[in-house]
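# Secondary and tertiary structure notes
Residue-level listing of the chains:
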Amino acid sequence: MKNLKTILFLIFFLVLHIALGQNSNNSFKIKAILIDSLSDQPISFASIYKTRDTKGTLSNYNGEFTLENVTNGDTIICSFVGYEKLIFIAQQTKKYSKIYLLPEAQLEDEVTILADDAFLYQLVSNAKKSNTTAKKVAKTYFELESFHNNAQLELFQGYYNGTFKGYDVSELEMKNARFALAPIENRFFISTETSKAMYMQNLMESDAYFPTGPLELSSRKLRKTYWLSLNTKFKNEENKIIYAIKFKPKVSKNHFFQGTVWIDSLSNKLIKIKFNIENARTHPFQAIWSIHSLEKVNLELSKSFIEIEGEMFLNSMDFNYNLAYKSENDSLINISTRAILYAYNFSDEFILPFFDFAEVSNADYRKIQMLPDNQKFWACTNEFKIENNSIKRNSFINEKAKIKDYNFFDTDTLFKKNFFEQSYAVWNGNRFLLKEKIDETKQNDFHRRKIPSNLYHLEVQLFMDLNILCDTLQIITKTVFDPFDTFYNLPMTKESQAFINIYFDLMEIERRKMHEELLLCGNDLNLIKKKYKNSKIKALEMSEIYFKEMQRGTNRENLLKWNEVVKRELNIDNFTLFEVGMD
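Residues numbered from 1 in each chain as written. Predicted model: local features only at pLDDT ≥ 70, side-chain atom pairs only at ≥ 80, totals over all residues. Heavy atoms only, no water.

## Observations concerning the pairing of strand 1 (residues 28-36)
- Sheet topology note: the strand 1/strand 4 (residues 64-70) ladder contains five bridges and is antiparallel. In the sheet register, I30 faces strand 4, and the bridge partner there is L67.
- Two elements, strand 1 and strand 7 (residues 98-101), share four bridges in a ladder whose sense is parallel. Bridging from a neighbouring strand, I35 pairs with Y100 of strand 7. (Pairing = 2+ DSSP bridges. Helix = DSSP H or I, 4+ residues; strand = E, 2+ residues; numbered from the N terminus.)

## Some points on unusual backbone geometry
- The residue N268 is not glycine, and still its phi comes out positive at about 65°.
- Relative to the helices and strands, N268 is located in the loop between strand 13 (258-264) and strand 14 (270-277).
- Despite not being glycine, N279 has its phi angle at roughly 50°, a positive value.
- The class of N279 is partly exposed, set by a relative accessible area of 28%. (Buried < 20%, exposed > 50% of the residue type's maximum accessible area, 1.4 Å probe, protein only.)

## Things to note about the state of the cysteines
- Tallied over the full model, the rule gives one disulfide.
- Note that C380 is cross-linked by a disulfide to C470, the S-S spacing being 1.8 Å. Given an S-S torsion of about -100°, the disulfide between C380 and C470 has left-handed geometry. Of this pair, C380 sits in helix 6 (residues 375-380) while C470 sits in the loop between strand 21 (460-469) and strand 22 (472-481), and the two are 90 residues apart along the sequence.
- According to the relative accessible area criterion, C380 is buried, its value standing at 15%. (Disulfide = S-S within 2.5 Å.)

## Here's the deal with the environment of E459
- Following the sequence through the fold, E459 ends up in the loop between strand 20 (456-457) and strand 21.
- When its relative accessible area of 22% is taken as the criterion, E459 is described as partly exposed.
- For the pair E459 and Y503, spaced 44 residues apart in the sequence, the C-alpha separation amounts to 9.7 Å.
- E459 has contacts with V480, F481, D482, D485 and T486, leaving out every residue within four places of it along the chain.
- Here the side chain of E459 touches H457 through a polar contact of 2.9 Å, side chain to side chain. (Contact = heavy atoms within 4.5 Å. Polar contact = N/O pair within 3.5 Å; in protein donor to acceptor, adjacent residues only side chain to side chain.)

## Concerning the side chain of N574
- As for its placement among the helices and strands, N574 is situated in helix 14 (residues 574-577).
- Residues in contact with N574, not counting those within four places in the same chain, are R431, A498, N501, I502, D505, N563, V566, E579 and V580.

## Here's the deal with helix 12 (residues 525-550)
- The first and last C-alpha atoms of helix 12 sit 37 Å apart over 26 residues, in line with the 38 Å expected at 1.5 Å per residue.
- Taken as a whole, helix 12 has its buried residues at I528, Y532, S535, A539, M542, S543, Y546 and M550.
- The inward-facing, buried residues of helix 12 contact strand 21, strand 22, helix 11 (494-519) and helix 13 (556-570).
- Put simply, D524 is the residue that caps the front of helix 12, since its side-chain oxygen is 3.2 Å from the backbone nitrogen of N526.
- Looking one or two places after helix 12, you find Q551, whose phi comes out positive at around 50°. (Expected span 1.5 Å × (residues − 1).)

## Things to note about the nonpolar core
- Among the nonpolar cores identified, the biggest contains 75 residues, and F156, L203, L228, I245, L270 and L299 are the most heavily contacted of them.
- Excluding residues that lie within four positions of it along the chain, L228 makes contacts with D117, L120, Y121, V124, L222, I245, K246 and F247.
- L458, L466, I500 and A539 belong to the second-largest nonpolar core, a separate cluster that totals 43 residues. (Core = buried A, V, L, I, M, F, W, Y, C linked by side-chain atoms within 4.5 Å.)

## Section: the packing of helix 12 against helix 13
- The interhelical angle for the contact between helix 12 and helix 13, taken along N-to-C directions, is 145°, at an axis separation of 8 Å. Of the residues in helix 13, those in contact with M542, I545, Y546, E549 and M550 of helix 12 are N558, L559, K561 and W562.
- Of the residues contributing to the contact of helix 12 with helix 13, the split by class is six nonpolar, one polar and two charged. (Axes fitted to C-alpha atoms, helices over the stretch in contact; angles between N-to-C directions. Nonpolar A, V, L, I, M, F, W, Y, C, P; charged D, E, K, R; others polar.)

Next up, the structure:
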């Protein structure tokens, strides 16, 4: 009997173990299209997520989505403003091709029949008072795609720490990003500042970059400028009565947005707002060359909001625009771009790269150059992705795109395509050459010529990026020459070039020492950050000694001494390479 119990126990244990193994490993995907059950139209940018781990995705422009790592019994929630929330239990054996959302039932006016539209104007004006000065940081995803005649030209994907101040974005700090470009008529189209443009649009304040909206205006100007009409009224799942109010400009249609705003009638809080305008006279874009121009700029922009601790914050923003790019030969190239910004996790934030990025134009693309070509980051970062058209994206990246993030700043690519005049330079053993560029104003300044050290500044930084990827800590370090904070307004000689490169090499030696120390820290992030800070201090101390001894490279004896250090540590002889002393 005892043996029988033992056998039964072992069988039970094995069956349980197998069952648990199947549940943990046998995950599946749900691929479907979200459809409006009344109009049979796709629903764009709806939220789809699992309650088990709150990981999810958004439907794309065609209503398509892919939800990964689903297990049998997972509770799935689909939601979108103006629709009833759909909750269902995932089943691997069920085919999900179309999922229908039911629009919220419209409420009839139950008590009050308005004699005029005064209530709507009051509701919109009161919504301005619901904004908050509070700030929240969230993990944020940004994606952009550009097309010409349905042929894709551009793909940009990035993860950021987004800082949200009420209804708007106040800052986006890049964690990692990637992009790909395909040519059109032997040229490339790049949306260099779209992420910045998305947080330049302010709901409550006028700016010089976007057309005017109703929430920017005083009550008096709102009545003077806009027609308001009630589109629909419904009760959401929280039993709040939501008014959807259409707004349409009375005059100057090229300078004012039209659209719809959804407002909670009790709290006056914004739930969502949607703008559109054709042939906008005010927009955040400009042609890169002065002889080129932009024509027929059409904008569509919408913002959805989420309530956190009683305050409303931006949750998602989609931004679509079409324009005609006019080149030097008067030919018009029609471009359509669509972008989405989504704050998907307000309870966590990324560890940002440790690097002082310069505030310069084309910031997103310049920052990508500094970030590692980190395939593991993209493979392991699965807390939020828009995977619905991954096959098309991979086809674009692998077959059609000619320029990608990892080769964009290669010398040949950079200068042949004439994208940027200067870029960060990562130490790789090759010699770094600065062009001679003498500032005449400084040269004619007697006092500055008496202090030569004021005529140059070399900026080299130690870059560090920390990632916890697939449960493993990844540490990436680089030595980076920063051209934006560097200037050299002295004659460029062989000694000068050796002086500059030896300094770059010395900083690389410091980085290698730092990296060895960081690897000894295990997974202690606080200790790693402390070691990094100490290494920067040591590098600064070394720099001060070097610059003091070198006298801009004119002190041949000290220059030789530091050259020997580089020869010993890196096996690079700058004296020989630059023919110092061989005149």
